[in-house]
Structures are given as structure tokens and as C-alpha cells.
Amino acid sequence: MGSSTPVHFFSHGSTMMLGEESASATYWKKCGDEALKNDVKHVVIMGAHWAALGDEIEVAANPNPAKNPVAYVHPSKYVDYKLNPDLPMADRCVHLLRASGLKAKKNTTFNWIHDTYLILIRMFPDGCPPTTIISMNARYDPHYHVKVGDALSSLRNESEKVLLIGTGGAVHNLYRNRWSQMLLYRDNFAMEHPPEAALMDFRQEFEDAMTKNSGPNLRRAITMLMKMPNYRDAHATDDHFMAACFVAGAAGRKEDEGSKAVLGAEDWELQNMCNSQYTIGSWGNGITAM
């Protein structure tokens, strides 16, 4: 277990998380610093804004991707950040996914979206490491996305260290958000009222699933959350939950039993969006909850 890299589940929140300082932003930077200190050479990341149709999964392989623009963030925060697509790793990911029985292919025209490059800018402000983006599948089957994470989990034991990240949301229901403070005053953290009870309850269920389970039990706990009565309150659509399933697959192997998850940081945005940041496993020298 000591040779396995940790796995992160990050809630990227609204676009304003790129421009505003927060506990989450501080933690993302801390995780990036730890990765560089431990000589990470590659990042493999699944976001929440790109899904392949049918029964396929796609791997980004555009040699010169553009960035989709970001609302409510000054362009100076992201326009000049140079993306670093990892084309050899894209080939490796396609091979591993196919070897696990998944229909995987490269996408050579995909442009990067803020769900992934927001995290990369916050983690690695001085330069993007070689990065490969994995799509979701638009059928949003939790067990399928666990299998995707499992198929790529062997990358955690490479001699050239690979960091696996899923970026979605612990509680992410755009229909329940209160947008007025952001739209009128550019204040995404304003809290005129407490979060709704059903969303706070699901946030706790999510934390319990992450922090009280390990190995295959983690996979069961995360996928079971989709059967909770308040799941649909917390996730009106399934896209931002699939990254959690991917992370459970990547960090929920038999050999991961006993590996601890920490809630490193958390911010509530727009009253009802909970941005929880988790790390499963460790480098053995220091990521702890804030």
C-alpha cells in the first residue's frame, strides 16, 4: 500500500471557485504542492461536464486543446494558463480501459472545460503537469464508472507517479441553488439562509460513505448513495456524482482496505451547494484535514 498514490475527490463548485479564495482553494493548492513534492509525473482526471454517448467512454487526446470560457471569472485568472495534454498517457488509458472490457476511444478534438482546468489551475498555478481527461458515460451508471476507476487503478502503482482525480460535487443541484447574491453582487458564498435540511442530510451521508469505508466497501457505500431518498434533492442530475463513483473504483481495491479518507476542506456556495474535498490514501508524509 505504501507505493500507491492517493486519490482525490474534489467538488469544483461554481465557476467562481476559480476566482474567489476559499478553504477549498487552499486545500487544492496544498494537494498540488504535495503531489509535486512527491514527484508526480502525470494527472488522470474525470470531470462532470463531458459524457460520451452510447456505451462508450472517451479519452481526451487533442494535442492543442482550447479552454471553454468561464462565466463570472476575470479572464486573467485562466486565459494564459497553458494546458498540457498527456498524449502518451491517453493511449495507455485507452489500452487499460479496453483491457477491462470497456469500449474506449480517443477524442482528438475535445476542448477542456472548467470542471477540470479550474482544479488544475488551483492545484498547479505555476504550470500544468501532463494531464489526461477521461469522459463519463452519459448513461450515468454508477457501477460502470466504478469499473472505469478500477480499470485505471493500476496507474497508482506506476514508477512514474500518476495522480488520479475525480471532480464533481458532493451536493450539486443547480435547481436548488440560490443565485441572486452571485448574479447581483458576485458573492457566491453569501448565506442569507441555512442550507436546506435534505441537502445537509445527504452531505452527511456522503461524508460517512467516504470516511467510514475502505476497499470494496467504499465502492458499495458510494454507489448505494444513489438509492437514498434524498439523493435527487442533492443531485437533480447524475453527472456531478459520477466522479465519486470513479474515485471509489480507483481507491476501492481489495488492497486499499484500511486506507483512510479525510475531508480536507469544505465550502457551501449559493446556499445549497456543498463543495466537499476528500483525499483517500496518503503520500505517507502529510495531507491532513484542515
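Quick notes on the rules
- Residues numbered from 1 in each chain as written.
- Predicted model: local features only at pLDDT ≥ 70, side-chain atom pairs only at ≥ 80, totals over all residues.
- Heavy atoms only, no water.
- Helix = DSSP H or I, 4+ residues; strand = E, 2+ residues; numbered from the N terminus.
- Rg over C-alpha atoms; globule rule 2.2 N^0.38 Å.
- Buried < 20%, exposed > 50% of the residue type's maximum accessible area, 1.4 Å probe, protein only.
- Contact = heavy atoms within 4.5 Å.
- Lys, Arg positive; Asp, Glu negative; His and termini not counted.
- Charge placed at Lys NZ, Arg CZ, Asp CG, Glu CD.
- Axes fitted to C-alpha atoms, helices over the stretch in contact; angles between N-to-C directions.
- Parallel < 35°, antiparallel > 145°, perpendicular 65-115°, else oblique.
- Left-handed = near helix turned anticlockwise from the far one by under 90°.
- Nonpolar A, V, L, I, M, F, W, Y, C, P; charged D, E, K, R; others polar.
- Polar contact = N/O pair within 3.5 Å; in protein donor to acceptor, adjacent residues only side chain to side chain.
- Core = buried A, V, L, I, M, F, W, Y, C linked by side-chain atoms within 4.5 Å.
- Disulfide = S-S within 2.5 Å.

1. Concerning the overall build of the chain
Along its length, the chain carries nine helices and eight strands. Whereas a compact globule of 290 residues would reach a radius of gyration of roughly 19 Å, the chain reaches 17 Å, a difference of no more than 12%. Along the first, second and third principal axes, the C-alpha atoms of the chain reach 50 × 40 × 40 Å. Out of the 290 residues belonging to the chain, those deemed buried represent 59%. The contacts in the chain between residues at least 6 apart in sequence include a share of 83% that link residues at least 24 apart. In the chain, which carries 29 positive and 33 negative side-chain charges, the distance between the mean positions of the two groups comes to 4 Å.

2. A short note on the packing of helix H4 (residues 142-152) against helix H9 (residues 242-251)
For the pair H4 and H9, interaxial distance at closest approach is 6 Å and the crossing angle is 45°. Accordingly, the angle class assigned to the pair H4 and H9 is oblique. Note on packing geometry: the crossing formed by H4 with H9 is right-handed. On H9, the residues touching Pro142, His145, Val146, Val148, Gly149, Asp150 and Leu152 of H4 are Met242, Cys245, Phe246, Gly249 and Ala250. Class assignment of the residues belonging to the contact of H4 with H9 gives a composition of eight nonpolar, three polar and one charged.

3. Description of the environment of Lys103
Structurally, the position occupied by Lys103 is in strand E4 (residues 103-107). Note: C-alpha distance between Lys103 and Asn62 (41 residues apart in sequence) is 19 Å. Excluding residues within four positions of it along the chain, Lys103 makes contact with Asp55, Glu56 and Ile57. Among the polar contacts listed, one links the side chain of Lys103 to the side chain of Asp55, at a separation of 3.1 Å.

4. Some words on the nonpolar core
Counting residues in each nonpolar core, the largest one holds 55 residues, and the members touching the most others are Leu152, Phe206, Ile222 and Phe241. Ranked by residues supplied to this core, first place goes to H9 with nine residues. Every residue in contact with Ile222, bar those within four places of it in the chain, is listed here: Ala209, Met210, Phe241, Ala244, Cys245 and Ala248. If you look at the next biggest cluster of nonpolar residues, it comprises 34 residues, including Leu18, Tyr27, Tyr117 and Met123.

5. Thoughts on the state of the cysteines
Here a disulfide denotes a covalent bond joining the sulfur atom of one cysteine to the sulfur atom of another. Evaluation of the coordinates by the stated rule reveals zero disulfides. There is no disulfide at Cys93, and the cysteine sulfur nearest it, in Cys128, is 14 Å away. Cys245 takes part in no disulfide bond, and the closest cysteine sulfur to it belongs to Cys274, at a distance of 17 Å.

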